[in-house]
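Inside the fold
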Amino acid sequence: MASGGFGFRAYTLFDTLVWIACLNVLWMVFTLLGGIVLGIGPSTAAAHVLVRDKVRGNATPLMRRFAREYIRNFAKGNALGLPLLAVGVALTLNWGYFSAGWDFGSQIASAGILMAALFAAGTVCYLFPMFARYELSIPGYFLMSSRFAMRHLAGTVILLFVTAAAFFVCRSVPGLIPFFGVGAWLYVTGWLCDRFFTANDDAMSAQVAGPPPAGEANAGRPASTPTPSTEASLA
């Protein structure tokens, strides 16, 4: 029994690692097909749709599903990805400029840019998993992911730690990048966000439902549960 249990866990771990490696390769290939700038957003969106299916136990053909989601979400993926790239370039250039100065104003500005970069990174960690889970407008994804990052600071810190750890490992062992560099980060952050969103939705649903009326409780009938809007469940 114990040996069978260990063998099953080992098989599941190996299967997940192979799946992550395949996801990593697909993300890189389709990002390159989009010329990097126009490919990174749709590739990330498609990857998170597949990650959400994976963590929920829905097995689908990886390459076929990735290509379908990439094409279907090409416009929306770029609508999410291109502003992030622009913000990232702006923050990097400003950080390089102000961090080179030693005067007090430059140090204050560089500290402010660092805080903005951390906030942007936390928002990005939620943005594409939120896209894979909810139906919102493009501005709504930015608004709700930034609000979620601020309101759920513990989860945001965990996601930032995972991001920093992934960056450190890839920088220390560059050979992992073609196999697990991005795929592992996508999988872990998607897995965490799925649980964060589920816990938040359950909590918001419980608040909206409230305690059952006394008459219904005495009659043994369950109280009706209103369905909260997507925006309300993420607030």
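From a predicted model like this one, the values you see are computed outputs, not experimental measurements.

Turning to the side chain of threonine 44, a few remarks are in order. Within the fold, threonine 44 resides in helix H2 (residues 40-55). For threonine 44, a relative accessible area of 8% puts it in the buried group. In terms of polar contacts, threonine 44 uses its side chain to reach the backbone carbonyl oxygen of isoleucine 40, at 2.7 Å. Beyond its immediate chain neighbours, meaning those up to four positions away, threonine 44 contacts Trp27, Phe128 and Leu186.

Okay, unusual backbone geometry next. Its identity as a non-glycine residue notwithstanding, isoleucine 36 has a phi of 65 degrees, on the positive side. Relative to the helices and strands, isoleucine 36 resides in the loop between helix H1 (2-33) and H2. Judged by relative accessible area, which is 49%, isoleucine 36 ranks as partly exposed.

Summed over all chains, the structure comprises nine salt bridges. Between aspartate 194 and arginine 52 there is a salt bridge, with the nearest N and O atoms lying 3.9 Å from each other. Taken together, the positions of aspartate 194 in helix H9 (residues 183-209) and arginine 52 in helix H2 put the pair 142 residues apart, joining distant regions of the chain. The class of aspartate 194 is buried, set by a relative accessible area of 9%. Residues arginine 133 and aspartate 201 are paired through a salt bridge, measuring 3.3 Å at the closest nitrogen-oxygen approach. Here arginine 133 is found in helix H5 (residues 104-133), whereas its partner aspartate 201 is found in helix H9, with 68 residues between them in sequence. Judged by its relative accessible area of 13%, aspartate 201 is buried. Residues participating in the shared-partner salt-bridge network are Arg52, Arg56, Arg133, Asp194, Arg195 and Asp201.

What follows concerns the packing of helix H4 (residues 74-99) against helix H6 (residues 138-151). Between H4 and H6, whose axes approach to 10 Å, the crossing angle comes to 50 degrees. Relative to H6, the element H4 is oriented oblique. Read as a crossing pair, H4 and H6 show a hand that is right-handed. Here Lys76, Ala79, Leu80, Pro83 and Leu84 of H4 come into contact with H6, specifically with Ile138, Tyr141 and Phe142. Taken together, the residues of the contact of H4 with H6 sort by class into seven nonpolar, no polar and one charged.

Here is what the cut-offs are and how they apply
- Residues numbered from 1 in each chain as written.
- Predicted model: local features only at pLDDT ≥ 70, side-chain atom pairs only at ≥ 80, totals over all residues.
- Heavy atoms only, no water.
- Helix = DSSP H or I, 4+ residues; strand = E, 2+ residues; numbered from the N terminus.
- Buried < 20%, exposed > 50% of the residue type's maximum accessible area, 1.4 Å probe, protein only.
- Polar contact = N/O pair within 3.5 Å; in protein donor to acceptor, adjacent residues only side chain to side chain.
- Contact = heavy atoms within 4.5 Å.
- Salt bridge = Lys/Arg side-chain N within 4 Å of Asp/Glu carboxyl O.
- Axes fitted to C-alpha atoms, helices over the stretch in contact; angles between N-to-C directions.
- Parallel < 35°, antiparallel > 145°, perpendicular 65-115°, else oblique.
- Left-handed = near helix turned anticlockwise from the far one by under 90°.
- Nonpolar A, V, L, I, M, F, W, Y, C, P; charged D, E, K, R; others polar.

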